[in-house]
Amino acid sequence: MTDRPAEARRPSHARTHQVTVQYAIVPVPKLSLETVARRSGLHPDLIRRFVALGLVDADRDASGRLVFAPAAPAALARVQRLRTGLCLNYASVGLVLDLLDRISLLEAALRRAGVRSDLPPWT
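For clarity, every value in this text was computed on a predicted model and none was experimentally measured.

Q: What is the right way to look at the overall build of the protein in this model?
A: Across its full length, the protein carries five helices and three strands. Its helices and strands in sequence order give the protein the pattern α-β-α-α-β-β-α-α, from N to C terminus. Scored against the burial criterion, the 123 residues of the protein give a buried share of 20%. Restricting to contacts in the protein with at least 6 residues of sequence separation, those with at least 24 account for 43%. Of the accessible surface of the protein, which amounts to about 10,200 Å², a share of 56% is contributed by carbon and sulfur atoms.

Q: Would you explain unusual backbone geometry in this entry?
A: The phi dihedral of Cys87 falls on the positive side, at around 55°, and the residue is not glycine. Here Cys87 lies in the loop between α4 (72-86) and α5 (90-113).

Q: Help me understand the nonpolar core in this model?
A: As a rule of thumb, nonpolar side chains are buried together in soluble globular proteins. In terms of nonpolar packing, the biggest core is built from 20 residues, with Val36, Ile47, Phe50, Leu55, Phe68, Leu76 and Val93 touching the most fellow members. Only α2 (33-40), α3 (44-53), β3 (66-68), α4 and α5 provide two or more residues apiece to this core.

Q: Would you explain α5 in this entry?
A: Residues spaced three or four apart along an α-helix face the same direction, because each turn holds 3.6 residues. Here α5 contains 24 residues, and its C-alpha end-to-end distance of 35 Å stays within 8% of the 34 Å for a straight helix at 1.5 Å per residue. Looking only at α5, the buried set comprises Tyr90, Val93, Gly94, Leu97, Leu100 and Glu107. Contacts from the buried residues of α5 go to α3 and α4. Following α5 by one or two positions, Gly114 adopts a phi angle in the positive range, close to 80°.

Q: Just checking my understanding: could you explain the packing of α4 against α5 for this structure?
A: The description of two packed helices rests on the angle between their axes and on the distance between the axes. With their axes 10 Å apart at the nearest point, α4 and α5 run at an angle of 115° to one another. As α4 packs across α5, the resulting crossing turns out to be right-handed. Across the interface between the two elements, Arg78, Val79, Gln80, Leu82 and Arg83 of α4 pack against Tyr90, Val93, Val96, Leu97, Leu100 and Asp101 of α5.

Q: What's the story with the pattern of salt bridges in this structure? I'm lost.
A: Any two side chains of opposite charge can pair, on the condition that their charged atoms come close. Evaluation of the coordinates by the stated rule reveals four salt bridges. A salt bridge links Arg65 to Asp61; the nearest nitrogen and oxygen atoms lie 3.4 Å apart. By relative accessible area, which is 26% here, Asp61 ends up partly exposed. For Arg78, the salt bridge identified is with Asp101, shortest N-O distance 3.3 Å. Of this pair, Arg78 sits in helix α4 while Asp101 sits in helix α5, placing them 23 residues apart in sequence.

Each value, and the rule that gives it
Residues numbered from 1 in each chain as written. Predicted model: local features only at pLDDT ≥ 70, side-chain atom pairs only at ≥ 80, totals over all residues. Heavy atoms only, no water. Helix = DSSP H or I, 4+ residues; strand = E, 2+ residues; numbered from the N terminus. Buried < 20%, exposed > 50% of the residue type's maximum accessible area, 1.4 Å probe, protein only. Contact = heavy atoms within 4.5 Å. Areas by Shrake-Rupley, 256 points an atom, 1.4 Å probe, with all protein chains shown as cover. Core = buried A, V, L, I, M, F, W, Y, C linked by side-chain atoms within 4.5 Å. Expected span 1.5 Å × (residues − 1). Axes fitted to C-alpha atoms, helices over the stretch in contact; angles between N-to-C directions. Left-handed = near helix turned anticlockwise from the far one by under 90°. Salt bridge = Lys/Arg side-chain N within 4 Å of Asp/Glu carboxyl O.

Here's what the structure looks like:
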């Protein structure tokens with residue numbers, strides 16, 4: 001006989017999910033629309049259009065202005081390379097970017113799993 005209550009004797013079938021929270025040690029600096037336009041060589045209105053189409057990620061600061069991650073000029077250059085190099089419209093560029101990101105994730109998963117292909121990567 002045990003002195004534990006009946007609830008404690010029942011096996012627990014509920015799974016507990018652990019939530020991991022990460023905090024930045026230093027705040028990541030954000031770039032203004034003007035800075036991104038200057039660094040990328042694109043007009044601010046075109047960058048706003050890219051944000052509206054979902055081709056480039058942006059946030060809004062406290063005053064409502066667009067702010068970008070430091071990698072935004074590189075992302076804009078990628079969009080422009082696809083547009084001019086493959087003669088794609090902006091909707092197609094979004095699809096190609098999604099597919100390229102998915103391919104990168106799958107290749108990374110294969111590398112982590114230790115699976116090697118006989119073919120060199122195409123990218």
